[in-house]
Amino acid sequence: MVLLDPAAKMSRERPMSEMKIVIAGAAGRMGRMLVQTVTATQGAVVSGALERPGSSALGQDAGTLAGVGALGVLLSDDALSVIAKADALIDFTTPASTVELAGLAAQARIVHVIGTTGLSGEDFAKIDAAARHAVIVRSGNMSLGVNLLAGLVKKVAATLGEDYDIEILEMHHRMKVDAPSGTALLLGEAAAAGRAIKLADHSQRVRDGHTGARTPGDIGFATLRGGSVVGDHNVIFAGPGERLELAHKAEDRGIFARGAVRAAMWGKGRMPGHYSMQDVLGLNEA
C-alpha cells in the first residue's frame, strides 16, 4: 500500500478561513454541480478534481467544465497526490471508487463526504475502518428536507403501531442504476429505528405474482424509474380507515451539493468517526 508523505499535510500554507475541497467525479453532472457550489461558498475553494483513469475529461479545467470559469484546477486520475493536499473530499461516485477513496482519506486524515449509494455491507465495513482516522460524513441523501423528513418518519413510526403498514415509494430518472434509492433506504432505516426493529429483517423489496397477504410489521419498497425525475419519495402509513403520507420532492440537484458542502465544512476539526447528515444538522442532539 502506498502511504502519503506526512510532510504533505504539515507543509500547507493557506488562509485559516479557506477550506481546500477535492471533488471526485468532477466531470459528471453531480461533480460539476459540486464545483459550482464550492466555488460559490465563502471559506471554501476547489483544490482538486478527480476522474476515473481513461476519462476524456482528464487534463481539462474543472471550473471551465462546470461553467464557472477557469480555476486552474485540472482533472486528474492521481487521487493520492490530489488528496494529500486537501482538507476535504466530496464523493458522489461508485461503491468501488468510494471505498478506495475512503482509504486515502484515512491516510490523509481529512474529511470525506460520501453521497454514493448502492454500497454493500462489505463496503460499509471498509468505510467504518477508514473512519477510525478520517472524518466521514455519509448519507443516502444530503438535502436538509430529506433529513428532516427522516426525523418525522422515525417519530411517526414510533407513535403508530403495527396496525399501520409502512410503504416507501420512490421515483428517479431513467439513468439511476441502484434500487431502492439510497434515500428510500435512509427513510426505511428511520422507520425501522422508530419501531426498534432491524430493517434487514423487516424489508419487503419485491412483489410479483401470488404473494399472499402482507406480513405485519414489514416495511415495503416500490421503485419507479423514468424521464428526468431528480427524486420523489413518499412514506405511506396505511392504517384502518385512514392513511398518512409524508413526501419530499427534489427539484434541483443543487440541494444535494449544498448539503454536501455544508457537511464538509462541518467536519473540519471534528474527531475521526462515521457521521451522518443527522449529526451535521444537529438532529441527533439530545
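Owing to the predicted nature of the structure, the values given are computational and were not obtained by experimental measurement. (Residues numbered from 1 in each chain as written. Predicted model: local features only at pLDDT ≥ 70, side-chain atom pairs only at ≥ 80, totals over all residues. Heavy atoms only, no water.)

1. Quick word on the nonpolar core
- Judged by nonpolar contacts, the single largest core of 37 residues is most densely connected at Ile 21, Ile 23, Ile 90 and Val 113.
- Among the elements that make up this core, the one with the highest residue count is helix 9 (residues 254-267) (seven residues).
- For Val 113, the contacting residues outside a window of four places in its chain are Leu 89, Ile 90, Asp 91, Val 137, Met 142, Ala 260, Ala 263 and Ala 264.
- In terms of nonpolar packing, the next biggest core, distinct from the first, is built from 22 residues, Val 22, Ala 24, Leu 50 and Ala 86 among them. (Core = buried A, V, L, I, M, F, W, Y, C linked by side-chain atoms within 4.5 Å. Buried < 20%, exposed > 50% of the residue type's maximum accessible area, 1.4 Å probe, protein only. Helix = DSSP H or I, 4+ residues; strand = E, 2+ residues; numbered from the N terminus. Contact = heavy atoms within 4.5 Å.)

2. Focus: the sheet that holds strand 1 (residues 19-24)
- An order of 3-2-1-4-5-6-12 is seen for the seven strands of this open sheet, with the pairing classed as parallel. With one partner strand each, in any of the chains shown, strand 3 (75-76) and strand 12 (273-275) form the two edges of the open sheet.
- Note: strand 2 (residues 44-50) against strand 3, two bridges, orientation parallel. Within the sheet, the bridge partner assigned to Ala 49 lies in strand 3 and is Leu 75.
- Packing against the sheet, helix 9 makes contact with strand 1, strand 2, strand 4 (88-91), strand 5 (111-114), strand 6 (135-138) and strand 12, and its axis sits at approximately 155° to strand 5. (Pairing = 2+ DSSP bridges. Axes fitted to C-alpha atoms, helices over the stretch in contact; angles between N-to-C directions.)

3. Regarding the packing of aromatic side chains
- Under the defined criterion, the tally for this structure stands at one aromatic pair.
- On the numbers, 5.1 Å between centres and 80° between planes, the contact of Trp 266 with Tyr 275 is edge-to-face.
- Here Arg 205 stacks its cationic end above the ring of Phe 221, 5.4 Å away from the centre of that ring. (Phe/Tyr/Trp six-rings, centres within 6.5 Å; stacked < 30°, edge-to-face > 60°. Lys NZ or Arg CZ within 6 Å of the ring centre and 35° of its normal.)

4. Quick word on the sheet that holds strand 9 (residues 219-225)
- Sheet architecture is open: five strands sit in the order 8-9-7-10-11, paired in mixed fashion. The strands lining the two open edges of the sheet, one partner per strand, are strand 8 (203-204) and strand 11 (242-250).
- By the bridge criterion, seven bridges tie strand 7 (residues 165-172) to strand 10 (residues 231-239) in an arrangement that is antiparallel. Across the sheet, the residue bridging to Met 171 is Asp 232, located in strand 10.

5. Focus on the pairing of strand 7
- As defined by bridge partners, strand 7 adjoins strand 9 across seven bridges and the pair is classed as parallel. Bridge pairing in strand 9 links Leu 169 to Ala 222.

6. Details of helix 8 (residues 182-194)
- Between its terminal C-alpha atoms helix 8 stretches 18 Å, which fits the 18 Å expected from 13 residues at 1.5 Å a residue.
- Burial runs high along helix 8: ten of the 13 residues are buried.
- Within the sequence span of helix 8, burial applies to Gly 182, Thr 183, Ala 184, Leu 186, Leu 187, Gly 188, Ala 190, Ala 191, Ala 192 and Gly 194.
- Residues of helix 8 that are buried make contact with helix 7 (144-159), strand 7, strand 9 and strand 10.
- Looking at the residues trailing helix 8, positive phi occurs at Ala 196, about 60°. (Expected span 1.5 Å × (residues − 1).)

7. Brief notes about the environment of Ile 219
- Structurally, the position occupied by Ile 219 is in strand 9.
- Linking Ile 219 and Ala 200, residues 19 residues apart in sequence, is a C-alpha distance of 9.7 Å.
- Dropping the residues within four chain positions of it, Ile 219 is found in contact with Ile 166, Ile 168, Gly 188, Ala 191, Ala 192, Leu 199, His 202, Ser 203, Gln 204 and Arg 214.

8. Here's the deal with the packing of helix 5 (residues 95-108) against helix 6 (residues 121-130)
- Close contact between helix 5 and helix 6 brings their axes to 9 Å; oriented N to C, the two are set at 15°. As summarised for this structure, helix 5 and helix 6 are arranged roughly parallel, according to the angle between their axes. When the axes of helix 5 and helix 6 are compared, the crossing they make is left-handed. Contact residues: Pro 95, Thr 98, Val 99, Ala 102, Gly 103 and Ala 106 in helix 5; Asp 123, Lys 126, Ile 127 and Ala 130 in helix 6.
- Grouping the amino acids of the contact of helix 5 with helix 6 by side-chain chemistry returns six nonpolar, two polar and two charged. (Parallel < 35°, antiparallel > 145°, perpendicular 65-115°, else oblique. Left-handed = near helix turned anticlockwise from the far one by under 90°. Nonpolar A, V, L, I, M, F, W, Y, C, P; charged D, E, K, R; others polar.)

9. Focus on the layout of surface pockets
- Taken as a whole, the largest pocket encloses approximately 1,300 Å³ of empty space.
- Around the largest pocket, the lining is made up of 48 residues, and of these Met 30, Phe 92, Thr 93, Thr 94 and Thr 116 lie nearest the centre.
- Listed by contribution, the elements that provide at least two residues to the lining of the largest pocket are helix 2 (29-39), helix 4 (79-84), helix 5, helix 8, strand 10 and strand 11.
- For the lining of the largest pocket, the element with the most residues is helix 5, which contributes six residues.
- Classifying every residue of the lining of the largest pocket gives 17 nonpolar, 23 polar and eight charged.
- For the second largest pocket, the calculated volume is near 870 Å³. (1 Å grid on protein atoms, 1.4 Å probe; cavity = no way out; pocket = protein on both sides within 12 Å on 5 of 7 lines; lining within 4 Å. Points joined across faces, edges and corners; volume = space filled by probe spheres on them.)

10. Side note on the pattern of salt bridges
- In total, this model carries nine salt bridges according to the counting rule given.
- Its salt-bridge partner being Glu 245, residue Arg 243 comes within 2.9 Å of it at the nearest N-O pair.
- A single salt-bridge network, built from bridges that share partners, covers Asp 165, Glu 167, Arg 207 and Arg 214. (Salt bridge = Lys/Arg side-chain N within 4 Å of Asp/Glu carboxyl O.)

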